[in-house]
Amino acid sequence: NLTVTPVQAGTYVNMASIIGGGDNTSSVSNNVSTQINPAPIAVLAIAKAGPSTATVGVNYNYTLTVNNTGTSGTNGQISVSDILPAGLNFISGTGSGWSCSAVGQTVTCITNNSIAAGTNSIITLVVNPVLSGNYNNTASVNGGGTVGTSTSNTVITNVGCPTNINPGVLKL
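Every value quoted in this text rests on a predicted model; they were computed, and no experiment measured them.

Caption draft 1: Region of interest: the nonpolar core. Ranked by size, the top nonpolar core spans 25 residues in total, and within it Tyr62, Val66, Val80, Cys109, Ile123 and Leu125 carry the most contacts. Put simply, the parts of the chain that give this core at least two residues each are β5 (44–49), β7 (60–68), β8 (78–83), β11 (106–111), β12 (120–129) and β16 (155–160).

Caption draft 2: Broad picture of the pattern of salt bridges. Counted by the stated rule, this structure contains one salt bridge. Measuring nitrogen to oxygen at the nearest pair gives 2.4 Å for the salt bridge that ties aspartate 82 to lysine 48. Residue aspartate 82 is found in strand β8, and its partner lysine 48 is found in strand β5; the two are separated by 34 residues along the sequence. For the pair formed by aspartate 82 and lysine 48, the shared burial category is buried.

Caption draft 3: Highlighting the sheet that holds β11. Here five strands make up an open sheet; going across it, the order is β10-β11-β8-β14-β15 and the pairing antiparallel. The open sheet has two edge strands with one neighbour each: β10 (99–103) and β15 (149–151). Taking each pair of neighbouring strands and ignoring which way they run, the sheet shows an average axis angle of 20°. As judged from the four bridges shared by β8 and strand β14 (residues 140–143), these two strands associate in the antiparallel manner. In the strand pairing of β14, valine 80 is matched with valine 141.

Caption draft 4: Broad picture of the sheet that holds strand β9 (residues 88–94). Strands sit in the order β5-β7-β12-β9 across an open sheet of four strands; the sheet is antiparallel. The two strands at the open ends of the sheet, each matched to only one other strand, are β5 and β9. Ignoring strand direction, the axes of neighbouring strands in this sheet form an average angle of 25°. Direction of pairing for β7 relative to β12: antiparallel, over a ladder of eight bridges. Opposite asparagine 61, over in β12, you have valine 126 as the bridge partner.

What counts, and at which threshold
Residues numbered from 1 in each chain as written. Predicted model: local features only at pLDDT ≥ 70, side-chain atom pairs only at ≥ 80, totals over all residues. Heavy atoms only, no water. Core = buried A, V, L, I, M, F, W, Y, C linked by side-chain atoms within 4.5 Å. Buried < 20%, exposed > 50% of the residue type's maximum accessible area, 1.4 Å probe, protein only. Helix = DSSP H or I, 4+ residues; strand = E, 2+ residues; numbered from the N terminus. Salt bridge = Lys/Arg side-chain N within 4 Å of Asp/Glu carboxyl O. Pairing = 2+ DSSP bridges. Axes fitted to C-alpha atoms, helices over the stretch in contact; angles between N-to-C directions.

What follows is the structure, encoded as structure tokens:
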């Protein structure tokens, strides 16, 4: 028996020959073709959703969907990072198995739960806008045994001032 360890995927053709034992002619075996498939891997991608409009002082949600598009479940810690634009305050972050916290404008959500191949895990971030304006926001994901970082699409939210202000209560 001969044991070999392939180092990359592909089709390999093997044949053997024998000579010796006082015989000067060689004998060649038939060709054996073997297909080696790529090793199963996890591949993480992230998508972000949020409102197109919001109002100063009124909380709104971003939904972060972490997808495993690979052929294997994730392994180890997964980290999602979302740097909120100035003018947005982090209120909370929730998701099954996720722990979210913020330092300044950087929100980080961590899980050690595995995300199976072909499935996803969802995080909901609650933010509060304190200034009006257009806010462009993305998130990124890495870890889980994958290589590299995946960045989400950009969500643009136009935050306006409240329209129900009673001028009779304003003091100048």
